[in-house]
Each structure stands twice: as C-alpha cells, then as structure tokens.
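Working through the structure, step by step
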Amino acid sequence: MIRVIVTEHYQELSQKAAQLLAAQLQKKPDSVIGFATGSTPIGMYKELINSYNRQEISFDKMSTFNLDEYVGLTKDHPQSYYHFMQEQLFSHINVRLENIQFPPGIFTDADRACQSYEDAMKAAGGVDLQILGIGVNGHIGFNEPDQQFTLYTHIVELAQKTIESNARFFGSEDEVPRRAITMGIKSIMDARSILLLASDRNKAEAVQQIFSGKVEPQIPATVLQLHPDVTLVVDREAASLLNEEFQTGGVCVW
Ligand code: F6R
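Right, let's walk through the structure included here. (Residues numbered from 1 in each chain as written. Predicted model: local features only at pLDDT ≥ 70, side-chain atom pairs only at ≥ 80, totals over all residues. Heavy atoms only, no water.)

Quick notes on the site of the ligand
Using the following cut-off: Only a single heavy atom is needed: when it lies within 4 Å of a molecule or strand, its residue is near that molecule or strand. Here a polar contact means two N or O atoms within 3.5 Å. Within protein one must be a hydrogen donor candidate and the other an acceptor candidate, and residues neighboring in sequence count only if both atoms are side-chain atoms. Computed by Shrake-Rupley with a 1.4 Å probe, the accessible areas treat only the displayed protein chains as cover when residues are assessed. A cavity here means a set of 1 Å grid points, computed over protein atoms only, where a 1.4 Å probe fits but cannot escape. A pocket is an open set with protein on both sides within 12 Å along at least 5 of 7 lines, and lining residues have an atom within 4 Å of a point. For this analysis, a molecule is said to be in a pocket or cavity if more than half of its atoms are within 2 Å of the grid points defining it. Just so you know the grouping, Ala, Val, Leu, Ile, Met, Phe, Trp, Tyr, Cys and Pro go in nonpolar, Asp, Glu, Lys and Arg go in charged, and all remaining residues, Gly too, go in polar.
Residues in contact with the ligand, as listed here, are Ala36, Thr37, Gly38, Ser39, Thr40, Leu67, Asp68, Gly133, Ile134, His139, Gly141 and Lys203. One nitrogen or oxygen atom from the main chain of Ser39 is found 2.8 Å from an oxygen atom belonging to the ligand. One of the side-chain N or O atoms of Thr40 is found 2.5 Å from an oxygen atom in the ligand. Bound to the protein, the ligand loses 83% of the 410 Å² it would expose on its own. Judged by its atoms lying within 2 Å of the grid points, the ligand is housed in the largest pocket. For the shell around the ligand, the per-class residue count stands at three nonpolar, seven polar and two charged.

Some points on a negative patch on the surface
The cut-off we apply is this: Each patch is built from residues that are more than 30% exposed by relative accessible area and take part in no salt bridge. Like charges join if they lie within 9 Å; nonpolar side chains (Val, Leu, Ile, Met, Phe, Trp, Tyr) join within 5 Å. Salt bridge criterion: a side-chain nitrogen from Lys or Arg within 4 Å of a carboxyl oxygen from Asp or Glu. Positive: Lys, Arg. Negative: Asp, Glu. His and the chain ends are not part of the count. A single reference atom marks each charge: NZ on Lys, CZ on Arg, CG on Asp, CD on Glu. Helix numbering and strand numbering both begin at the N terminus, where a helix is a DSSP run of H or I of at least 4 residues and a strand a DSSP run of E of at least 2.
The grouping of Glu164, Glu173, Asp174 and Glu175 at the surface amounts to a negative patch. Summarising the element assignment, Glu173 is placed in the loop between helix 5 (160-166) and strand 8 (179-182).

Comments concerning the pattern of salt bridges
Keep this limit in mind: The classification of residues rests on relative accessible area computed with a 1.4 Å probe and restricted to protein chains. Under 20% of the type maximum is buried, over 50% is exposed, and intermediate values are partly exposed.
For the coordinates displayed, the defined rule picks out eight salt bridges. Of the charged contacts in the structure, one is a salt bridge between Glu8 and Arg236, with a shortest N-O distance of 3.0 Å. Residue Glu8 is located in the loop between strand 1 (2-7) and helix 1 (10-27), and its partner Arg236 is located in the loop between strand 10 (230-235) and helix 8 (244-247); the two are separated by 228 residues in the primary sequence. Between Arg96 and Asp60 there is a salt bridge; the shortest N-O distance is 3.0 Å. Taken as a pair, Arg96 in the loop between helix 3 (81-88) and strand 5 (100-101) and Asp60 in the loop between helix 2 (42-53) and strand 3 (63-66) lie far apart in primary sequence, 36 residues in all. For Arg96, a relative accessible area of 38% puts it in the partly exposed group. For Asp60, a relative accessible area of 26% corresponds to the partly exposed category. A network of salt bridges, in which partner residues are shared, links Lys28, Asp128 and Arg192.

Shown next, in the form of structure tokens:
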C-alpha cells in the first residue's frame, strides 16, 4: 500500500517527514532506522535536530543502517556518506556511536563485507523504517536501472553520468570513486515501513512511475508497489504528474 502526502513546499515536506520519523521513535524508542544521504532529506534532518534541541525527542535507543557508501573512501573522508551523516544529523543528536551501522567503504573481501552488512541488519531485528530518496531515473539507494533486480547488499560500478555529476563534490572527475556498496532491492523491501521523500519538478516523472502498475528493474522504484507500507511525502512540484486525486494535498491512499 502506498500512502501519498502532498505538501505545499520543501519546508513542509521536511517537517512532515520529521514528524513521521519522530512518531516511529515515540512508538518504539529502540527502532532501527534506515537512513539515506542526498540533498532531499537534509531539511528533515534539520527539523529532527531542532526537535532534539527543544528536548522533544531522544535518539538514545535508536539504531541506524545507511543505504550506501562509496567504495574506497574512509569514514572521515569529507565526501564519504558516513561523514555526510555525521555532519547533517548524527553529530548533532544523542544517537549512540555504537548503534550507527554503515556499509563499509573499505574492505578486503567484497562478498564478506556485503554479507556482514546483511547479517548485521538481521541481527538488529530488521529495519523498522527506511528513509529513501529517488533518482530522476527511478533509482533507490545505488540500485540503478538494470536488466534485473539485485536483491541484497552488493557492489555497483557507478555509471559514467553519475561520476560526471558527482565530480562537483570532489576536486576532479578522477577523484570520484568508481564503485559503491549499496543495500539491494530486497534489503530495502524487507523494511517494515518505508518513507520516500521527493521534492522538485525534476522528480515528477520518477514519482509518477511509482504508480505505473508495472514492476520493472529499469525503473527500480516501481518495486515499491509491492510493499505493504510505503508513505510518500512529496511536494506539489514532485507530485505534479500524479492524478488529480493526489493533487488536493492531504493524504491519499493508492
Ligand atoms: C542516497 C541514495 C540516493 C538518493 C537519490 C536522490 O543515500 O541512496 O538514492 O536518495 O539519488 O538524491 P537527492 O536527494 O540528492 O536528489
């Protein structure tokens, strides 16, 4: 089931998403939360930091698993996703360091690294709430359009386009890692609930495709149609290609 919440703008989207995450932690303080990087959830992370500073919320018992990481970058590399999460959220709240889990950017045995991450998620009891962004091509995590779904945590070669577009964060194109480690489609679908955020007109096609009625690995996010508990929080721009019933704002169920 997909629940759609359409907001007026990005700020309202960020507030709504933060409220949903806070409600999950209220219901179950030791929730396992799957986090995403990228620009979309930054506003939600700011809202969560503000709530924490107002002493409305505690992250003391929360455990976390992130979706993905660049291969070859250490945790303290300024472009690593681990560093991003520290900067944008973790270092500002009372999450315990030992409860933060990340796919490793540095490893000697890739298969073992991927399997260990899957084992760690299982040992933690599975992810209660997974935060997702969406790529303009429908990717989720680093699961790019492909001939088939890759189910579990795996290593991906970055597409040339991704390398070029990410070069702006690095000194030059040569410095952009060529590979990433990402949760697979089943690792994501195993989460008990999913919260997908999308903002801006350039995400409208990708958001529309989630409701295509077809599940296809060329548009990885279409798999979400098979999940029992997905909430999409989208601003008006990202919702602009959805049917009229979704445009009214508020909550719609698909
Ligand atoms: C991030 C991730 C990606 C992003 C997606 C959208 O951990 O896995 O799938 O969620 O690329 O990125 P933004 O939010 O920057 O548009």
